[in-house]
Amino acid sequence: MEKIKGSMEVLSSLQTTVDIEGLDHASKELYKNKEILAVILKDVVREFEAYDTKQIMGFIEADSITDNEEVSPGRTNTRIQGSDKEFVALNEKVALFDTRFKAVNPELSDGKIVVSLHIDLEVQRTYRPGYPIEKRGLYYLARELGAQLTLVTETTDYGVLEKCYSIWICRDAIPREEQFSISFIEMDNTKNYGQCHPEKNNYDLLTLVIIRLGDEHFDAARENPGYDALRLSHAIMYPHKPDFLDTIKQYIDFSENEMSGLGESILLEGWEKGEAQGIIIGEARGEARGEVQGEARGVDLSAEIFKVVVRAGVQDNTIIAEQCGCTAEKVSEIREKFGI
């Protein structure tokens with residue numbers, strides 16, 4: 001697979017991926033980057049099979065990648081402020097979308113008409129949360145399809161409905177024989193009586209994809225279908241393994257990004273310092289979470305200073321310290337170390 005040229009946005013997301021469990025908000029933010037999405041979509045979206053990852057990035061509508069939408073039966077397509085996508089109805093349990101976006105459907109679009117794919121990507125800690133993931137995924141698909149119609153009347157044109165994908169990436173509680181596998185569940189015309197031939201484009205509107213990972217040891221053969229989606233997803237779900245950056249760089253090329261060396265240095269330095277600090281705190285206080293707390297702080301502080309200086313253009317160490325929650329002396333130390 002040809003590498004994708006990495007942007008500052010995905011580099012920043014990598015720098016703020018701090019939870020050793022790999023399933024915190026910062027880790028999920030990685031799935032909002034087109035570079036990451038393109039690799040996964042290449043393997044699991046049938047309409048993209050004939051295209052390379054660079055072309056797929058072009059199909060993704062970047063402005064549609066958001067987590068501030070509410071979709072509900074009575075209030076379709078409204079927007080709210082918040083950190084997660086959700087759809088809510090009166091007396092209904094809140095359901096959250098992790099990453100929801102649109103992409104051009106190259107099979108049905110031409111120079112004059114653009115037809116979209118509506119894609120929802122869900123990151124799930126456990127494959128067995130007490131109910132079948134398949135049923136939840138189908139429910140999300142039904143709501144995603146219904147959300148395309150703002151109001152149903154006698155004159156509603158159902159012909160405008162566009163295809164929906166719901167992609168679920170599960171990490172834990174997966175039976176050994178099912179680990180590192182992918183399932184595709186979709187609508188099909190299974191039987192016809194008489195001379196009838198329904199057109200596939202009129203009913204091929206819902207596809208559920210379930211990506212099953214496994215434990216920390218990645219165990220899938222390179223020649224297996226879906227290898228790249230499995231490999232990259234596994235790295236993101238276990239971001240503090242030693243080979244994390246090496247795996248990411250198999251798919252994303254930062255060589256032309258002049259800040260990439262600095263960014264990677266900050267990231268690695270944060271991990272090393274944070275791990276050492278966490279071990280000390282954990283031993284001193286006897287807290288099992290000492291390593292996690294220290295690791296998170298080490299990465300987070302370096303990444304925050306990097307973003308404030310490089311991306312926001314702030315140069316005053318006192319202001320940077322206030323924004324990052326540390327001392328001006330600490331800011332000065334990190335800036336001097338990395339030449340920021």
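Before any of the text, the structure's been laid out above.
Residues numbered from 1 in each chain as written. Predicted model: local features only at pLDDT ≥ 70, side-chain atom pairs only at ≥ 80, totals over all residues. Heavy atoms only, no water.

(A) Expanded view of the packing of aromatic side chains. For the structure on display, the rule yields six aromatic pairs. Between phenylalanine 48 and phenylalanine 59, the aromatic rings sit 5.5 Å apart at their centres with planes inclined by 15°, giving stacked as the arrangement. In this pair, phenylalanine 48 is assigned in the loop between helix 3 (34-44) and helix 4 (53-59) and phenylalanine 59 in helix 4, connecting sequence segments 11 residues apart. Judged on exposure class, the residue phenylalanine 48 and its partner phenylalanine 59 are both buried. Judged by centre distance (5.1 Å) and plane angle (80°), the rings of phenylalanine 180 and phenylalanine 218 are edge-to-face. Pair noted here: phenylalanine 180 is in the loop between strand 8 (164-172) and strand 9 (181-186) and phenylalanine 218 is in the loop between strand 10 (206-212) and helix 6 (227-237), with a separation of 38 residues, a long-range link. Looking at phenylalanine 180, the relative accessible area reads 11%, which means it is buried. Put simply, the rings of Phe48, Tyr51 and Phe59 pair up and form one aromatic cluster. Note that arginine 231 overlies the ring of phenylalanine 218, its terminal NZ or CZ placed 4.7 Å from the centroid. (Phe/Tyr/Trp six-rings, centres within 6.5 Å; stacked < 30°, edge-to-face > 60°. Helix = DSSP H or I, 4+ residues; strand = E, 2+ residues; numbered from the N terminus. Buried < 20%, exposed > 50% of the residue type's maximum accessible area, 1.4 Å probe, protein only. Lys NZ or Arg CZ within 6 Å of the ring centre and 35° of its normal.)

(B) Structural context of the side chain of serine 166. Positionally, serine 166 belongs in strand 8. The buried category is assigned to serine 166, whose relative accessible area is 1%. Within the structure, serine 166 has its side chain in polar contact with the side chain of aspartate 120 (distance 3.2 Å). Serine 166 has contacts with Asp120, Gly137, Tyr140, Leu141, Thr207, Leu208 and Val209, leaving out every residue within four places of it along the chain. (Polar contact = N/O pair within 3.5 Å; in protein donor to acceptor, adjacent residues only side chain to side chain. Contact = heavy atoms within 4.5 Å.)

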